[in-house]
Amino acid sequence: MDISNLDFDKLKAAFAKSENKNAVVFDLQEAIDLKLRQLIQQNPIRLEFYEKYRKIIDEYNEGKDLQAVQKAFDDLNDFMEKDLNPELERAMREGLDEETLAIFDLLKKPNLETKERDEVKKVAQETLATLKKEKLKIDRWRESLQVRAQVKTIIDDSLQYLPQMAYPDSELDVKSVDIFQHIYSHYQGAGVSSYGVF
């Protein structure tokens, strides 16, 4: 089941007609679980979606009567329509690709003005572009202390362009560590990342 192109009305009609509603809920649960794992792999900020999904599944597992099955189905549908689908489209709405969105999410703060958000997006884009062009194409870059230090320096230098009023110096170190850890875990080297080849 590909939940990206799911027609919710057809799914609800199929569920209503189904003799084995538990199987429909199980298939839907598996599809959502798979998609969420992919989304979290791309962007660790999305863990909150997985926690919300797990709460629905835990409630479903507590009681398997017809009422619990119907509630689980309705809750999973609501979760997909109100939470998951908007998240799947967020990168496009932000004008970013998935890779840059992950960096943007690690950098952004609540209550940024539109101009500041745009500046943060630009820093995210330029940081990732510089790293991919200069250091992340190096085979096994994570094994070299020197290259790791250079990656960290590029990140530190890039973050200096964040809006100063919104990002005091005391926060830049924390943001830099967050970005470095994300880059370290998602970019193996030789132009390969968990997002694919670049």
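Quick caveat, the model's predicted, so the values are computed rather than measured.

> Can you walk me through helix 3 (residues 47-62) in this structure?
In an α-helix, one turn spans 3.6 residues, which is why side chains three or four residues apart end up on the same side. Between its first and last C-alpha atoms helix 3 spans 23 Å; for 16 residues at 1.5 Å apiece the expected length is 22 Å, and the two agree. Where helix 3 is concerned, the buried positions are Phe49, Tyr50, Tyr53, Ile56, Ile57 and Tyr60. For helix 3, the arc enclosing every buried residue in end-on projection is 120 degrees, short of the 170-degree limit, so these residues lie on one face. Summarising the geometry of helix 3, the exposed residues directed more than 90 degrees from the buried face are Glu48, Glu51, Lys55 and Glu62. For helix 3, the secondary structure elements touched by its buried residues are helix 2 (21-42) and helix 4 (66-94).

> Sorry, what's going on with the side chain of glutamate 94 here?
Relative to the elements of secondary structure, glutamate 94 occurs in helix 4. The class of glutamate 94 is buried, set by a relative accessible area of 15%. Within the structure, glutamate 94 has its side chain in polar contact with the side chain of arginine 117 (distance 2.5 Å). Side-chain polar atoms of glutamate 94 contact the side chain of lysine 121, separated by 2.8 Å. Not counting chain neighbours up to four residues away, the residues in contact with glutamate 94 comprise Leu101, Phe104, Arg117 and Lys121.

> Sorry, what's going on with helix 2 here?
With 22 residues, helix 2 should reach 32 Å at 1.5 Å per residue; the first-to-last C-alpha distance of 32 Å fits that figure. Within helix 2, burial applies to Lys21, Val24, Val25, Leu28, Gln29, Ala31, Ile32, Asp33, Lys35, Leu36 and Leu39. Lining the buried residues of helix 2 we find helix 1 (8-17), helix 3 and helix 4.

> Help me out: how do you make sense of the sheet that holds strand 3 (residues 196-197) in this one?
Hydrogen bonding along the main chain pairs the strands of a sheet, whether they run parallel or antiparallel. Ordered in space as 1-2-3, the three strands form an open sheet in which the pairing is antiparallel. The open sheet is flanked by strand 1 (187-189) and strand 3, the only strands paired with a single partner. Pairing of strand 2 (residues 192-193) with strand 3, which is carried by two bridges, proceeds in the antiparallel orientation. Each residue of the ladder has a partner; that of serine 193, found in strand 3, is glycine 196.

> I would appreciate a short explanation of the packing of helix 4 against helix 5 (residues 98-107) in the present structure.
Packed helix pairs are specified by the crossing angle of their axes together with the interaxial distance, meaning the distance between the axes. Where helix 4 contacts helix 5, the axes come no closer than 10 Å and their chain directions differ by 90 degrees. When the interaxial angle is binned, helix 4 and helix 5 end up roughly perpendicular. Each of Leu88, Arg90, Ala91 and Glu94 in helix 4 lies in contact with helix 5, whose residues at this interface are Glu98, Leu101, Phe104 and Asp105. Partitioning the contact of helix 4 with helix 5 into residue classes produces four nonpolar, no polar and four charged.

> Honestly, the packing of aromatic side chains in this entry has me stumped. Any pointers?
Given two aromatic rings, one states the distance between the centres and the angle between the planes to describe the pair. Scanning the entire structure with this criterion turns up eight aromatic pairs. A ring pair is formed by phenylalanine 15 and phenylalanine 73, whose centres lie 3.8 Å apart and whose planes are at 5 degrees; its orientation type is stacked. Separated by 58 residues along the polypeptide, phenylalanine 15 in helix 1 and phenylalanine 73 in helix 4 bring together distant segments of the chain. The class for phenylalanine 15 is buried, based on a relative accessible area of 2%. For phenylalanine 73, a relative accessible area of 1% gives the class buried. On the basis of an interplanar angle of 50 degrees and a centroid distance of 5.6 Å, the ring pair of tyrosine 50 and tyrosine 53 is categorised as tilted. Of this pair, tyrosine 50 and tyrosine 53 are both found in helix 3, three residues apart, which corresponds to roughly one turn of the helix. The exposure class assigned to tyrosine 50 is buried, which follows from its relative accessible area of 16%. Here the aromatic cluster, defined as three or more aromatic residues joined through ring pairs, consists of Tyr50, Tyr53 and Phe79. Here the basic side chain of lysine 121 rests over the ring of phenylalanine 104, its NZ or CZ set 5.9 Å away from the ring centre. Here the basic side chain of arginine 142 rests over the ring of tyrosine 184, its NZ or CZ set 5.3 Å away from the ring centre.

The rules behind these values
Each chain carries its own residue numbering, running from 1 in the direction its sequence is written. Owing to the predicted nature of the model, reporting of local features is limited to residues with pLDDT of at least 70; listing and counting of side-chain atom pairs is limited to 80 or more, with chain, interface and lining totals taken over all residues. Side-chain metrics in this entry use all non-hydrogen atoms of the structure; hydrogen atoms and water are not considered. Every helix listed is a DSSP run of H or I at least four residues long, and every strand listed is a run of E at least two residues long, numbered separately from the N terminus. For a helix, the expected span equals 1.5 Å multiplied by the number of residues minus one. For every residue, the accessible area (1.4 Å probe, protein chains only) is compared with the maximum for its type, and the residue is labelled buried under 20%, exposed over 50%, or partly exposed between those bounds. Picture the helix axis, draw a direction to every C-beta atom, and the arc is the one those directions span. Any two residues whose heavy atoms approach within 4.5 Å are treated as being in contact. Definition of a polar contact: a pair of N or O atoms within 3.5 Å, with one able to donate and the other able to accept a hydrogen when the atoms are protein atoms, and with sequence-neighbouring residues admitted only if both atoms are side-chain atoms. When DSSP locates at least two bridges between a pair of strands, those strands are taken to pair. Helix axes use the C-alpha atoms of the stretch in contact, all axes being lines fitted to C-alpha atoms, and the angles between their N-to-C directions lie in the range 0 to 180 degrees. For classification purposes, an angle smaller than 35 degrees is called roughly parallel, one larger than 145 roughly antiparallel, one from 65 to 115 roughly perpendicular, and anything else oblique. Polarity classes work like this: nonpolar for Ala, Val, Leu, Ile, Met, Phe, Trp, Tyr, Cys and Pro, charged for Asp, Glu, Lys and Arg, and polar for all others, with Gly in that last group. Stacked, edge-to-face and tilted are the three classes for Phe, Tyr and Trp ring pairs, Trp counted by its six-membered ring, which pair at centre distances within 6.5 Å; planes under 30 degrees apart are stacked, over 60 edge-to-face, the rest tilted. Think of it as a cone above the ring: NZ of Lys or CZ of Arg counts as a charge over the ring if it is within 6 Å of the ring centre and within 35 degrees of the ring normal.

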